Amino acid sequence: MTVTMDTLVSLCKRRGFVFQSSEIYGGTGSCYDYGPLGVELKNNLKRLWWRDFVQNRPDMVGIDASILMHPMVWKASGHLENFTDPMVDCRECKLRFRADDVDTLAWTHYCEATKGNKFTIPAGEPCSHCGARRTLCPDCGKGELTPPRRFNLMFKTFMGPVEEEASVAYLRPETAQAMFVNFENVLQSMRLKLPFGIAQAGRSFRNEITPGNFIFRTREFEQMEIEYFVNPRDTVEGRPADEYWHDRWIADCMAWFRRYGLREENLRLREHDQSELSHYSKRTVDIDYRFPIGWSELMGIANRTDFDLKQHAKFSGKSLTYFDEERKEHIVPYVVEPASGVDRALLAFLADAYTEEEVRGEKRVVLRFHPELAPVKVAVLPLLKKRDEIVKAAHAIRATLAREWRVVYDDTAAIGRLYRRQDEVGTPYCVTVDVQTVGDSDKGEVGDGKVTIRDRDSMGQARVPIEALTGVFRDLLSGGDWAKVASEFPAAK
Ligand code: GAP
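Residues numbered from 1 in each chain as written. Predicted model: local features only at pLDDT ≥ 70, side-chain atom pairs only at ≥ 80, totals over all residues. Heavy atoms only, no water.

Asks: I keep staring at the nonpolar core and nothing clicks. Help me out?
Replies: Within soluble globular proteins, side chains that are nonpolar tend to cluster in buried spots. Formed by 62 residues in total, the largest nonpolar core has its most connected members in F17, W249, W256, F257, I287, L298 and F349. Discounting chain neighbours no more than four positions away, the residues touching F257 are L262, L267, I287, L298, M299, A345 and F349. Formed by 32 residues, the second largest nonpolar core is a distinct cluster that contains F83, F183, L187 and I198. (Core = buried A, V, L, I, M, F, W, Y, C linked by side-chain atoms within 4.5 Å. Buried < 20%, exposed > 50% of the residue type's maximum accessible area, 1.4 Å probe, protein only. Contact = heavy atoms within 4.5 Å.)

Structure, rendered in structure tokens:
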């Protein structure tokens, strides 16, 4: 099913994933805060990326650089000159638009043919009464638009107490540049051999003219970027090393998104044509995702050649080369850059996980997150909250499991309702403690020491001894098979 953005925004707010920033003051334009479940999801996403692309690979290392960098970085990288969007301003209402966006907006029209009545006309269409097309501001419908002007997207600030030109600094618009300016430090300190990559995940800032679509395009966001350096003189499988590694990274990134739940039919590759390529790129391929707003960029994988290292060598006066032992010469490596956005990936995983289904005549909303992404792994639910032994056992189970995973305890509703709540936030498993678990001391009955595990996706159940729970969840939460657990620990019919 295709979920709408409104449904996701509402679920995110209601269930503590994402809130509008500074909401009680009316909100900050296109900034969002991650709530208790959102931060878990986001941390899981970043941890998996780091584990799979840094920790597990012998050819990768990571860094965590500062957001404020020397202003010369942005001159050398070309951002001061090229990181701009053409924008137009309305002379009347002063609203600002990206020049290339104006005709993609619905427009306001005061129609002469209907005594000046106001209409909102779909993007690109003429007025059905007078046939006019948009020439004025699409928002107020009255003001003329200025000719396009270049607008730099970097946020400017000042270092130190004096606000003067000499102390201008910029909030980084991408994490990439820190990997280039630290190339020599990383190479020498880690004694690396080509090919190798440097990874970084962290905040970036862009003063986007038209941010929007929830967390898809914001002014403050997080990126996960890799700069993978290769020797351009080398060949791999008969191809230039940079071209070979570019295709390898495209395939690896696609596989990564599929592995954690994005469906094949919602993913596609899009090759940039020559006119679209950034000033540094030899070839760029985007991984597009079918977001609720339509097909849009999820991440980009560019072959940046030796542009960045050469530019920083030129502007800093430092040599940024690699000594090729075999050929006994210094070379400037080429770089392949898989660049993704944390928030955009999170939105894609949310949209893909969202499912509505009918169960016994009622609507069930489920986020079918991959267990490693799910913000909460297990919810422990007492069947009767008035029975002390049940509540005590449930708290003890939560505390034991919480040593390894995010586990919650909830006793604020009846069991059916509690299950639905956990389904809606994507919790893969619930553990229910009941009278049978603890027995009834008044009647002299001892419990069986077993609890019910309920599987989110199949809604099937298994009856597992408490002491086996940690082992069972270690298996299930790292991709183990539910059917195997259900047959090993059958629930009573
Ligand atoms: N270093 C290359 C680079 O930054 P980019 O295509 O501009 O390339 C990479 O950004 C990724 O960062 C995008 O594919 C997207 O996922 C994310 N991203 C970029 N701008 C964003 C914004 N304003 N809001 C949210 N995510 C953004």
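Asks: Explanation requested: the side chain of H109 in the structure shown.
Replies: For H109, the location among the structural elements is in strand 6 (residues 107-111). We classify H109 as buried; its relative accessible area is 10%. Leave out the neighbours within four places in its chain, and H109 touches N117, K118, F119, I121, C127, C130 and A132. (Helix = DSSP H or I, 4+ residues; strand = E, 2+ residues; numbered from the N terminus.)

Asks: Where do I start with empty space enclosed by the protein in this structure?
Replies: Per the stated rule, a full pass over the model turns up one cavity of 30 Å³ or more. Of the volumes computed, that of the largest cavity is approximately 50 Å³. W49, F53, I226, C253, W256, F257, M299, P338 and S340 are the residues that line the largest cavity. Listed by contribution, the elements that provide at least two residues to the lining of the largest cavity are helix 2 (36-55), helix 7 (241-259) and strand 20 (334-341). Per-element accounting of the lining of the largest cavity gives the leading share, three residues, to helix 7. Along the lines of polarity and charge, the residues of the lining of the largest cavity split into eight nonpolar, one polar and no charged. (1 Å grid on protein atoms, 1.4 Å probe; cavity = no way out; pocket = protein on both sides within 12 Å on 5 of 7 lines; lining within 4 Å. Points joined across faces, edges and corners; volume = space filled by probe spheres on them. Nonpolar A, V, L, I, M, F, W, Y, C, P; charged D, E, K, R; others polar.)

Asks: When you look at the site of the ligand in this model, what are you seeing that I'm missing?
Replies: In the region of the ligand, 20 residues are neighbours, and E174, E208, T218, E225 and E297 sit closest. In the model, an oxygen atom of the ligand is placed 2.8 Å from a nitrogen or oxygen of the R206 side chain. Protein contacts shield 90% of the accessible area of the ligand, which totals 550 Å² for the unbound molecule. Where the shell around the ligand is concerned, the elements lending two or more residues are strand 12 (220-230), strand 17 (294-305) and strand 20. Considering every element that reaches the shell around the ligand, the biggest residue donor is strand 17, with five residues. Residue composition of the shell around the ligand, by class: six nonpolar, five polar and nine charged. (Near = heavy atom within 4 Å. Polar contact = N/O pair within 3.5 Å; in protein donor to acceptor, adjacent residues only side chain to side chain. Areas by Shrake-Rupley, 256 points an atom, 1.4 Å probe, with all protein chains shown as cover.)

Asks: I'm lost on the packing of aromatic side chains in this one. Help?
Replies: In total, this model carries 21 aromatic pairs according to the counting rule given. Pairing Y228 with W245 gives two aromatic rings, centres 4.8 Å apart and planes at 45°, and the pair type is tilted. Here Y228, found in strand 12, pairs with W245, found in helix 7; they are 17 residues apart in sequence, far enough to count as distant. Given the relative accessible area of 0%, Y228 is considered buried. Residues F257 and F349 carry aromatic rings whose centres are separated by 6.1 Å and whose planes lie at 35° to one another, so their mutual orientation is tilted. With F257 in helix 7 and F349 in helix 9 (residues 342-353), this pair connects stretches of sequence that are 92 residues apart. F349 matches F257 in its accessibility class, with the two residues each being buried. Joined through ring pairs, the aromatic side chains of W49, W50, F53, Y228, Y244, W245, W249, W256, F257, Y260 and F349 make up one cluster. Sitting over the ring of Y419, R454 keeps its end group 4.4 Å from the ring centre. (Phe/Tyr/Trp six-rings, centres within 6.5 Å; stacked < 30°, edge-to-face > 60°. Lys NZ or Arg CZ within 6 Å of the ring centre and 35° of its normal.)

Asks: What's the story with the layout of surface pockets in this structure? I'm lost.
Replies: One number sums up the size of the largest pocket: a volume of about 1400 Å³. Around the largest pocket sit 47 residues that line it, and F83, R206, H272, S278 and E297 are the ones nearest its centre. Listed by contribution, the elements that provide at least two residues to the lining of the largest pocket are helix 4 (79-82), strand 4 (84-89), strand 12, strand 15 (267-271), strand 16 (283-291), strand 17, strand 20 and helix 9. Among the elements that take part in the lining of the largest pocket, strand 17 stands out by supplying eight residues, more than any other.

Asks: Hey, could you run me through the pattern of salt bridges in this one?
Replies: Note on pairing: side chains with opposite charge can pair once their charged atoms come close. Counting across every chain of the model gives 50 salt bridges. Of the charged contacts in the structure, one is a salt bridge between R96 and D89, with a shortest N-O distance of 2.8 Å. Accessibility expressed as a relative area gives 33% for R96, which makes it partly exposed. Across the pair D288 and R270 runs a salt bridge, and its minimum N-O distance is 3.8 Å. (Salt bridge = Lys/Arg side-chain N within 4 Å of Asp/Glu carboxyl O.)

Asks: How should unusual backbone geometry be read in this particular structure?
Replies: It is generally the case that most residues other than glycine have a negative phi and that most peptide bonds are trans. Cis geometry marks the peptide bond from L194 to P195, where omega comes out at -5°. Residue M459 is not a glycine yet carries a positive backbone phi of 60°. Checked against the element boundaries, M459 lands in the loop between strand 26 (450-455) and strand 27 (461-465). The class of M459 is partly exposed, set by a relative accessible area of 26%.

Asks: I tried to follow the environment of R51 on my own but got confused; where do I start?
Replies: Within the secondary structure layout, R51 lies in helix 2. Given a relative accessible area of 22%, R51 falls into the partly exposed group. The residues touching R51, leaving out its near neighbours within four places in the chain, are N56, R259, Y260 and E372. At 3.1 Å, the side chain of R51 and the side chain of D52 are in polar contact.

Asks: Teacher, can you tell me more about the state of the cysteines here?
Replies: Among covalent bonds in proteins, the disulfide is the one between the sulfur atoms of two cysteines. In this structure the tally under the stated criterion is zero disulfides. Counting only cysteine sulfurs, C90 is the nearest neighbor of C93, a cysteine outside any disulfide, at a range of 3.5 Å. Under the relative-accessibility criterion, C93 is labelled partly exposed at 32%. Looking at the unpaired C430, the closest cysteine sulfur is the one in C12, lying at 20 Å. A residue is classified by how much of its surface remains accessible, and C430, at 1% relative accessible area, is buried. (Disulfide = S-S within 2.5 Å.)

Asks: Please explain the sheet that holds strand 27 as it appears in this structure.
Replies: Note on sheets: strands pair through backbone hydrogen bonds, and any given pair is parallel or antiparallel. Spatially, five strands are ordered 24-23-25-26-27 in an open sheet, and the strand pairing comes out mixed. The strands lining the two open edges of the sheet, one partner per strand, are strand 24 (407-409) and strand 27. For this sheet, the mean angle separating the axes of adjacent strands, direction not counted, is 25°. Where strand 25 (residues 429-433) lies against strand 26, four bridges are found, and the strand directions are antiparallel. Following the sheet pairing, T432 is matched in strand 26 by T452. Along the sheet, helix 10 (residues 388-401) makes contact with strand 23 (378-382), strand 24, strand 25 and strand 26, crossing strand 24 at roughly 165°. (Pairing = 2+ DSSP bridges. Axes fitted to C-alpha atoms, helices over the stretch in contact; angles between N-to-C directions.)

Purely spatial values, then, with no claim about function.
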